[in-house]
Structure formats: C-alpha cells, structure tokens
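Chain by chain, the residues run as shown.
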Amino acid sequence: MDNYNDDLYPLALLMDELKHDDVSNRVEAMQKLDTIAIALGPERTVKELLPFLNDVAQDDEEEVFAVLATKLGDFIPLIGGHENCEPLISILTILASMEEPLVRDKAIASLNKISLDLTNEELNGIFLNLIQNLSQGNWFSKKIASCGLFGSIILKVDSNTRKDLLKLYLKLICDDYPMVRRSAATNLPHLINLLTEFTETSPNDVNKINNQDWEIISKMFQHLINDDQDSVKFLSIDVLISILEFFNKINETSFNSDFLSSALKLIKDESWRVRYTAADRFSKIAVNFVNNESDLYQLIDPFIALMKDHEGEVRKAIAKQLPDFTRLLTKYPSTKVTIINKILPIVNELSQDQQEAVRASLASTITELSPILQKEATIEKLLPTFLIMLKDEFPDVRLNIISNLSVVNETIGINLLSTNLLPAITELAQDHKWRVRLAIIKYIPKLASQLGEPFFNDELLSLCMSWLWDPVFAIRDAAINNLKELTVIFGSDWATREILSRLLDQSDKIDEDKIDYSNFIIRLTCLFTITKLIPVLDFKVIVEKILPFINELITDNVPNIRFNVAKSYLVLVESFIEKKLELPINEQELKKLINLEILSNLEKLQNDEDVDVRFYSTKSIQGINKLI
C-alpha cells in the first residue's frame, strides 16, 4: 500500500500545486513537468499525466498554458517515443487554438518540434489531419495556428497532397479575417524558402515543384499585394523576395518583368507602412534584378522617390540601403552615372533632413559610399556633406560619421582626411557644451585605431591630455577611461612615453605643458589616471614609475588623496596577482615587494588622523591579505 502511495505521489503533488490560488505557484509547478514525467515513467505519463494535462489545458491562466506548451515540445522521449504522440498532439492542439498569441506561438513551436520525430506515415496521418482540421476551423485562432504548421509537412508529402495543401493555404490567404491573412502572409516566405531549398537539393525528385504549385503561390502573392489591409499588404514584400530568390536560383528570368511591376507597385503604395517595408528591403529586391540593365535602371527613380518620401521613417529606412544599392548600380555604365547625377544630390538633401533620426541613419552608411565613388568623387561630392554632418547638432549624427571614418581614410588617404575633417572633430572636442565633448571623447579610441599611432600623436594626443583638466568631472573621468583604451590600442611603451612622461614630470624645469601639482584636483586626477592605467601597463613600468609616485602621495595634506592612495594599492596588488604567471619575478619576490612597498605604507595610513583614510587602508589590507 505504501508503494502504491509513493507511485501516486508525483502526480498528486502536481495536482495539488496546480490548484494553488497564486498563479506564480502554478507556473512554478508546471516548470517541473518534465521531472514529474521522468518520475512516473513513460507508461504512466501517457495513461495518467497526459489525460490530467488535457484537463488543465482547458482551465487555467495563460501564464500556465505558455509553460505547458513549451514543456510538451520536449515530451517525446518521456512518453516512450513518437508511437505515443497522439495524446500529446491533442493537448498542444487545444493550446494552439487559443486566442492568446504567446500560448499559441509556443504550442505551434512545440508541434513543429514534435513533427521532426514523427515518421512520414505519422505525418501524413496525424499531422496532415491536424492541419486540415485547424485550417478549416470555425474560429480565427485555429486558422492562425494552422498557418505555422504547414512548413513541417510541405516537403514530406507527395506532389498531389502538396498541391492540396497549397490550395488550402490559398484559402487562408484569402480568409475574411485580417488576422488569419496576416498569419498566412507571415509564414508564406518560409514555405517558399523550403520549396526553394528542396528544388536545389533534389532537382530530379519525383515530387519536385511544378508549374501548378507556382500558379497557386502566384495567386497567393497577387491576393496579398491587392489586400485592403496595410498590415497584410506590407508582408507581401518578403513573399516577393522569396519568390525572386527561387527563380534566380533556377536561372528563370522570364517572369522578371511581372515581378518588377509588382515591386514598383509596392514601392509606390499609398500606405507608408508598405513603402517603409519596401525601403527597408530595397537592396534585397534590387539584387534579384541586377543581371538585367533595363530592370535595374527602372529601380533608380523609385529609390530616389523613397529618399524624398514625406514619411520620416521611410527616408530613414532607405538611407540604410544607400551603399548596397549604389554598389549594384556600378555594374553598368548607364546606371553608374546616375549615382553622381541623380542620387548624390538627394543624399546632400538628406544630410540636412529635418528629422534627426533620418540624418543619423544616413550618417551610419554615407561613409561606405567612398570606395564606391572612389577618390576624386569622394573629395568633390562627399567631403562637403561629411563636414556638414560633423557639425550636426544631434550627437548621433556626428558620432556615426566619426565611427566610420576608416572607410573614407582608405579611399582618400590620411592627409586629406586630416586636412578636411579633423578640424571639425577638434572643434567638437572643445565645444562649450560638456555633453558634446563627452560624446567625442568616447569615440576617440575608435578614431585612434583607424588613424594609427603617429598621426594620433601629432594631431589628437594633446587634446586627449587636455581633457584631464576639464572643469567638469564627467569629462575628466571619461578622459581617464579614454587613456586606458588608448593604451590597450597602442601598448604600454606608448603610454610610458606619451602619458606617464607628462603626468609624472615633477622636475624644476620651466615648461608651459608642465603640470601644476599645487592644485589638489590635479594631483587627484593624476592619481585616478595612473590607477586606471595599472592593469594595462607592464610590471617594470609599474614598479619603476607608478609605485614611487603613489608612495609620495601617502603624506599628502588632502585626506581625499590619501584614502585614494589606499585604494590604488589594492588595484596594484590585484593587477600583480592577475598577471602572476607573466611577471619577471617569482612568488616570493612578489610577496616581498608587496610587504615592503605596499603593506608597510598601508599600515602607516591605518594610523591616519582621518577616519576615511583609516577605513580604506584597513579595507585594502584585508583585500590584499586575501589575495596573497
């Protein structure tokens, strides 16, 4: 009797927890579903757990259903294999028919996962019936669910059944409910891609795709591009791209004129949402017409029309397509000439667009036009536009230009780049608005890696050092981080030569660049900078230059500096321990160095008159002792 109770316990526990008033408890109980199935074993899971879950699937909250739908997708091994899949599919069918999209999507995903484990016989029996029943259901949610399941069976059936399935799908495309048509349109590109892949891998298969299949798909597409709902029609653009890719892969171009007409119709559609999608996918459409000069030429004016569109979102999307589309145009002389004559004047207009998001979008791609136009045209046509955008009041526009300057550098050379664009960058770096200065600082490392060390040292290093003394703390802090990133790019020797030599110069010689250590803010900034650089400097530099500088500051008359010295000592030791295997000294010598140069000074600071200095000294000593 006890054994019987033990056997019942897992299921009883689940039933009990699923009756809990709090939905979060029921969700947590459902998360343990696979554990309970393992405890019960395959036979009892099929006979006891699944009937119980069938009841649960009809009476609970959506959060519980969502977990249940996900968990059931991995249940095939837990029920003894695909032979026992029917009750599992039955539960998921209930969940897939629900109106809540989250539950429905998870149930469809699980059904598709289960289909991978089924035999062709089971797919043609159980799964085919399931799709037919759902697609002919009397409620929209069932039809929506069916749209997501066609892909799992479309290649597993014979050509006649496939034709029937496509006819069934055509009915869904033509359904009275916009939600059903939208779901069918969303899933159609995936179906076409599966058929494309099948044609590529099995061109001589007895069930290969035939003209009758494409007639049905063509009817689907025609219905979609003429749909009266924008939320359905814009999805036809992805369908068009999938169809174009199929015919391109089989080298069939006889239908291109029809497809081009459809593409132009969608690009010029009254709905901004349709035009936006066309703009967003413009290059994907155009690449399928690149082998015909006349077809490609016909896309130029529509491209320009989208650049002039009255909707900002459309202009923003088409700006992203500039490099890819203009690259396609270089294939033929007749289309190449339009880049400078027709497209660049509109690009110049977009660079001063009233919407900052459009300008930022253009800024992220415009530099990629340099290698397409080549040196002379870049200097004459693009550089003036770059200068305008570098002075844009919106930071994202300026930063998008700066972060992509390496492409321009490769085309026109560093000398021209520095002559034309660097003054604008320098001007921004000294802007009276501290947020503008901050934005430029963050992009200096990216610029440095593009320009190289010699050029950076000559043109930008002094500027980077000057930010350390900025009156705004956020700028000083960003400047310190900036120097660390530059050290990562250029190396420890560079930092020693160019940064430390300036920061640690306490000689008596008169020099206008010499740092005034009488100001405690300057001393503190130097300490912060050196502490930040410690992890990226060589051991020899730290011991010979950094450590003596920090040691001198333990007697500073400003408590704020003294307690930051205590913090710096901990950073030093952390860096030593992290690089222990790379250090030129052994472990005993390292401990000796830490004891003599660091811990002894921290012990002095432990007796400091200031409470904060004593606190941070003790904290650093504890941290160091744990490390060594």
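Quick caveat: nothing in here was measured; it's all calculated off a predicted structure.

Scoring rules and cut-offs
Residues numbered from 1 in each chain as written. Predicted model: local features only at pLDDT ≥ 70, side-chain atom pairs only at ≥ 80, totals over all residues. Heavy atoms only, no water. Helix = DSSP H or I, 4+ residues; strand = E, 2+ residues; numbered from the N terminus. Rg over C-alpha atoms; globule rule 2.2 N^0.38 Å. Buried < 20%, exposed > 50% of the residue type's maximum accessible area, 1.4 Å probe, protein only. Contact = heavy atoms within 4.5 Å. Areas by Shrake-Rupley, 256 points an atom, 1.4 Å probe, with all protein chains shown as cover. Lys, Arg positive; Asp, Glu negative; His and termini not counted. Charge placed at Lys NZ, Arg CZ, Asp CG, Glu CD. Axes fitted to C-alpha atoms, helices over the stretch in contact; angles between N-to-C directions. Parallel < 35°, antiparallel > 145°, perpendicular 65-115°, else oblique. Nonpolar A, V, L, I, M, F, W, Y, C, P; charged D, E, K, R; others polar. UniProt positions renumbered as here; feature names shortened; annotations may be inferred. Core = buried A, V, L, I, M, F, W, Y, C linked by side-chain atoms within 4.5 Å. Phe/Tyr/Trp six-rings, centres within 6.5 Å; stacked < 30°, edge-to-face > 60°. Lys NZ or Arg CZ within 6 Å of the ring centre and 35° of its normal. Expected span 1.5 Å × (residues − 1). Bend = angle between axes of the 7 residues up to and from the residue. Salt bridge = Lys/Arg side-chain N within 4 Å of Asp/Glu carboxyl O. Disulfide = S-S within 2.5 Å. pLDDT = per-residue confidence, 0-100.

Chemist: Explanation requested: the overall build of the protein in the structure shown.
Modeler: The helix and strand inventory of the protein stands at 38 helices and zero strands. Whereas a compact globule of 628 residues would reach a radius of gyration of roughly 25 Å, the protein reaches 34 Å, over 25% beyond that. Referenced to the eigenvectors of the C-alpha coordinate spread, the extents of the protein come out at roughly 95 × 90 × 45 Å. When burial is assessed residue by residue, the protein has 52% of its 628 residues classed as buried. Across the protein, contacts joining residues at least 24 apart in sequence account for 69% of those joining residues at least 6 apart. For the protein, the accessible surface area stands at approximately 29700 Å², while carbon and sulfur atoms represent 48% of it. The centroid of the 66 positive side-chain charges in the protein is displaced by 4 Å from the centroid of its 93 negative side-chain charges.

Chemist: Help me out: how do you make sense of the packing of helix H28 (residues 422-429) against helix H29 (residues 434-451) in this one?
Modeler: Each pair of packed helices gets described by two things: the angle between the helix axes and the distance between those axes. With their axes 8 Å apart at the nearest point, H28 and H29 run at an angle of 135 degrees to one another. By the angle between their axes, H28 is oblique relative to H29. From H28, Ile425, Leu428 and Ala429 reach across to H29, where they touch Val436, Arg437, Ile440 and Leu447. Of the residues that constitute the contact of H28 with H29, the class distribution is six nonpolar, no polar and one charged.

Chemist: I tried to follow unusual backbone geometry on my own but got confused; where do I start?
Modeler: Excluding glycine, residues mostly have negative phi values, and the peptide bonds linking residues are mostly trans. One non-glycine residue, Asn251, lies in positive phi territory at about 55 degrees. Structurally, the position occupied by Asn251 is in the loop between helix H14 (236-249) and helix H15 (256-267). Residue Asn251 is classed as exposed on the basis of its relative accessible area, which comes to 69%. Even without glycine at this site, Gln374 takes up a positive phi of about 75 degrees.

Chemist: Where do I start with the UniProt feature "repeat: HEAT" (unreviewed entry) in the protein in this structure?
Modeler: UniProt marks residues 49-83, 299-336, 343-381, 382-420, 421-459, 546-582 and 598-628 with the feature "repeat: HEAT" (unreviewed entry), using the numbering shown here. The span residues 343-381 is 72% helical and 0% strand by assignment, and the distance between its end C-alpha atoms comes to 11 Å.

Chemist: It is not clear to me how the nonpolar core should be interpreted in this structure. Could you clarify?
Modeler: In globular proteins that are soluble, nonpolar side chains generally tend to be buried together. In this structure, Leu95 and Phe325 are the most contacted members of the largest nonpolar core, which totals 221 residues. For Leu95, the residues in contact, after removing those within four places along its chain, are Ala57, Phe65, Leu68, Ala69, Leu72, Val103, Arg104 and Ala107.

Chemist: I tried to follow the packing of aromatic side chains on my own but got confused; where do I start?
Modeler: Note on aromatic pairs: each is described by the distance of the centres and the angle between the planes. Across all of its chains, the model carries 19 aromatic pairs by this definition. Aromatic side chains Phe150 and Tyr169 sit 4.9 Å apart centroid to centroid with 85 degrees between the ring planes, which places their arrangement in the edge-to-face category. Of this pair, Phe150 sits in the loop between helix H9 (140-147) and helix H10 (159-173) while Tyr169 sits in helix H10, and the two are 19 residues apart along the sequence. Summarising the burial analysis for this pair, Phe150 and Tyr169 share the class buried. Pairing Phe255 with Phe259 gives two aromatic rings, centres 6.4 Å apart and planes at 55 degrees, and the pair type is tilted. For Phe255, a relative accessible area of 38% puts it in the partly exposed group. A connected cluster of aromatic rings, assembled from ring pairs, spans Trp214, Phe246, Phe247, Phe255 and Phe259. Over the aromatic face of Tyr616 sits the side chain of Lys567, whose NZ or CZ is 4.6 Å from the ring centroid.

Chemist: Please explain helix H20 (residues 312-320) as it appears in this structure.
Modeler: Because an α-helix packs 3.6 residues into every turn, residues spaced three or four apart end up facing the same way. Listed as buried for H20 are Gly312, Val314, Arg315, Ala317, Ile318 and Ala319. For H20, the secondary structure elements touched by its buried residues are helix H16 (272-280), helix H17 (282-286), helix H19 (300-307), helix H21 (322-329), helix H22 (333-350) and helix H23 (356-363).

Chemist: Looking at this structure, I do not really get the packing of helix H34 (residues 520-533) against helix H36 (residues 559-578). What am I missing?
Modeler: At a minimum axis distance of 10 Å, the contact between H34 and H36 shows a crossing angle of 10 degrees. In terms of orientation, H34 lies roughly parallel with respect to H36. Of the residues in H36, those touching H34 at Phe520, Arg523, Leu524, Leu527, Phe528 and Thr531 are Asn560, Ile561, Asn564, Val565, Ser568 and Val571. Tallied by class, residues from the contact of H34 with H36 come to seven nonpolar, four polar and one charged.

Chemist: Looking at this model, I keep getting lost on the environment of Asp538. Mind explaining?
Modeler: Among the structural elements, Asp538 can be located in the loop between H34 and helix H35 (539-552). On the accessibility criterion, Asp538 (38% relative accessible area) is partly exposed.

Chemist: Is there a simple way to think about H35 in this case?
Modeler: Taking 1.5 Å of rise per residue, the 14 residues of H35 would be expected to cover 20 Å, and the 19 Å separating its terminal C-alpha atoms lies within 8% of that figure. Within H35, the axis deviates most sharply at Ile546, by approximately 35 degrees, and proline Pro548 lies no more than four positions further along. Its buried side turned inward, H35 meets helix H33 (492-503), H34, H36 and helix H37 (587-606).

Chemist: Any chance you could explain the pattern of salt bridges here in plain terms?
Modeler: Close approach of charged atoms allows side chains with opposite charge to pair. Applying the stated rule across the entire model yields 25 salt bridges. Put simply, Asp74 and Lys113 hold a salt bridge, and the shortest N to O gap is 3.1 Å. Within this pair, whereas Asp74 is found in the loop between helix H5 (62-72) and helix H6 (86-96), its partner Lys113 is found in helix H7 (residues 101-115), the two being separated by 39 residues in sequence. Of the residues examined, Asp74 reaches a relative accessible area of 46% and is grouped as partly exposed. You can call Lys113 partly exposed: its relative accessible area is 39%. Where Arg523 meets Asp556, a salt bridge forms, and the shortest distance between an N and an O atom there is 2.7 Å. Highlighted residues: Arg523 in helix H34 and Asp556 in the loop between H35 and H36, separated in sequence by 33 residues. For the pair Arg523 and Asp556, one class covers both residues: buried. Several salt bridges converge on common partners, so that one network encompasses Glu453, Arg497, Glu498 and Arg502.

Chemist: It is not clear to me how the side chain of Arg562 should be interpreted in this structure. Could you clarify?
Modeler: Summarising the element assignment, Arg562 is placed in helix H36. Those residues in contact with Arg562 that sit more than four places away from it in its chain are Leu553, Ile554, Asp556, Asn557, Leu605, Asp608, Glu609, Asp610 and Val613.

Chemist: Where do I start with the state of the cysteines in this structure?
Modeler: Linking two cysteines covalently through their sulfur atoms gives a disulfide. A full pass over the atoms with the stated rule returns zero disulfides. Summary of cysteine pairing: Cys464 is not part of a disulfide, and the nearest cysteine sulfur, belonging to Cys526, is at 16 Å. Classification of Cys464 as buried rests on a relative accessible area of 0%.

Chemist: Sorry, what's going on with the confidence of the model for the protein here?
Modeler: Close reading of the predicted structure is inappropriate where its pLDDT is low. On average, residues of the protein score 86 in pLDDT, and 95% of them are at 70 or above. Note on residues 1-6: pLDDT is under 50 here. Beyond four places in sequence and across chains, it has zero contacts.

Chemist: Whenever I open this one, the environment of Leu240 confuses me. Can you help?
Modeler: Relative to the elements of secondary structure, Leu240 occurs in helix H14. Linking Leu240 and Ala263, residues 23 residues apart in sequence, is a C-alpha distance of 7.7 Å. Ignoring anything within four residues of it in the chain, the contact list for Leu240 reads Phe221, Phe259, Ala263 and Leu266.

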